[in-house]
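# Examining the three-dimensional arrangement
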Amino acid sequence: MTVTAQMARFALVGVVNTGTYYGCYLVLLMWLPYIAAHVIAFVLSMIGSFFLNSWFTYRTRPTWRKFLLFPLTNAANFVITTGGVYLLVDLAGFSSRYAPLVAAAAAIPITFVVSRTIMLRPDTPAPAAERVP
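So, here is what we can say about the structure in this document. Just so you know, these numbers come straight off a predicted model, no measurement behind them. (Residues numbered from 1 in each chain as written. Predicted model: local features only at pLDDT ≥ 70, side-chain atom pairs only at ≥ 80, totals over all residues. Heavy atoms only, no water.)

Moving on, we come to the packing of helix α1 (residues 3-29) against helix α4 (residues 99-119). When two helices pack together, their arrangement is given by the angle between their axes and by how far apart the axes lie. Between α1 and α4, whose axes approach to 10 Å, the crossing angle comes to 140°. Of the possible angle classes, the one that applies to α1 and α4 is oblique. Handedness of the crossing formed by α1 with α4: right-handed. In this structure, α1 uses Val3, Gln6, Met7, Phe10, Thr18, Tyr21, Tyr22 and Tyr25 to contact α4, whose residues at the interface are Pro100, Leu101, Ile108, Thr111, Phe112, Ser115 and Arg116. In the contact of α1 with α4, the residues fall into 10 nonpolar, 4 polar and 1 charged. (Axes fitted to C-alpha atoms, helices over the stretch in contact; angles between N-to-C directions. Helix = DSSP H or I, 4+ residues; strand = E, 2+ residues; numbered from the N terminus. Parallel < 35°, antiparallel > 145°, perpendicular 65-115°, else oblique. Left-handed = near helix turned anticlockwise from the far one by under 90°. Contact = heavy atoms within 4.5 Å. Nonpolar A, V, L, I, M, F, W, Y, C, P; charged D, E, K, R; others polar.)

Right, here's the structure in full:
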């Protein structure tokens, strides 16, 4: 599969993931402060994103190793979106209902690059004879 096809599939998974995140966020926002709602919704949607990206985007088998590394793909996303939500709500006066959508858009390119690197990484090292010196 080409990188362009993977980017298109990643974008589609991103739309589904954003909808999942936002739905969870709005529900949690009824009972929790916006930052707590953001963190919990983010974790739940990240789990779904892992499986969708494994099966649909990269067509690779999900493994525990990839699952445990996958949060690294979202570390930059988490920092950008959490900081963005804070800046947009507390400093720029945006509504806490819409700020996550704006912040999420800024994190997409970085998340794709890191995600692709982790998801397509072999689970076992190549034999010494196959390694590039």
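Now for the packing of aromatic side chains. Enumeration over the complete set of coordinates arrives at 10 aromatic pairs. Taken together, a centroid distance of 5.2 Å and an interplanar angle of 75° make the contact between phenylalanine 50 and phenylalanine 67 edge-to-face. One end of the pair, phenylalanine 50, is in helix α2 (residues 34-57); the other, phenylalanine 67, is in helix α3 (residues 64-91), and 17 residues separate them in sequence. The interplanar angle of 35° and the centroid separation of 5.2 Å between the aromatic rings of phenylalanine 51 and tryptophan 55 together place this pair among those described as tilted. Of this pair, phenylalanine 51 and tryptophan 55 both sit in helix α2, separated by 4 residues, roughly a single helical turn. On the basis of relative accessible area, phenylalanine 51 is assigned to the partly exposed category, the value being 29%. Here the aromatic residues Phe50, Phe51, Trp55, Trp64, Phe67 and Phe70 are joined through ring pairs into a cluster of three or more. The ring centre of phenylalanine 56 lies 4.4 Å from the NZ or CZ of arginine 9, which sits over that ring. (Phe/Tyr/Trp six-rings, centres within 6.5 Å; stacked < 30°, edge-to-face > 60°. Buried < 20%, exposed > 50% of the residue type's maximum accessible area, 1.4 Å probe, protein only. Lys NZ or Arg CZ within 6 Å of the ring centre and 35° of its normal.)

A separate point is the nonpolar core. Counting 21 residues, the largest nonpolar core has Tyr21, Tyr25 and Tyr34 as its most contacted members. Elements represented by at least two residues in this core include exactly α1, α2, α3 and α4. (Core = buried A, V, L, I, M, F, W, Y, C linked by side-chain atoms within 4.5 Å.)

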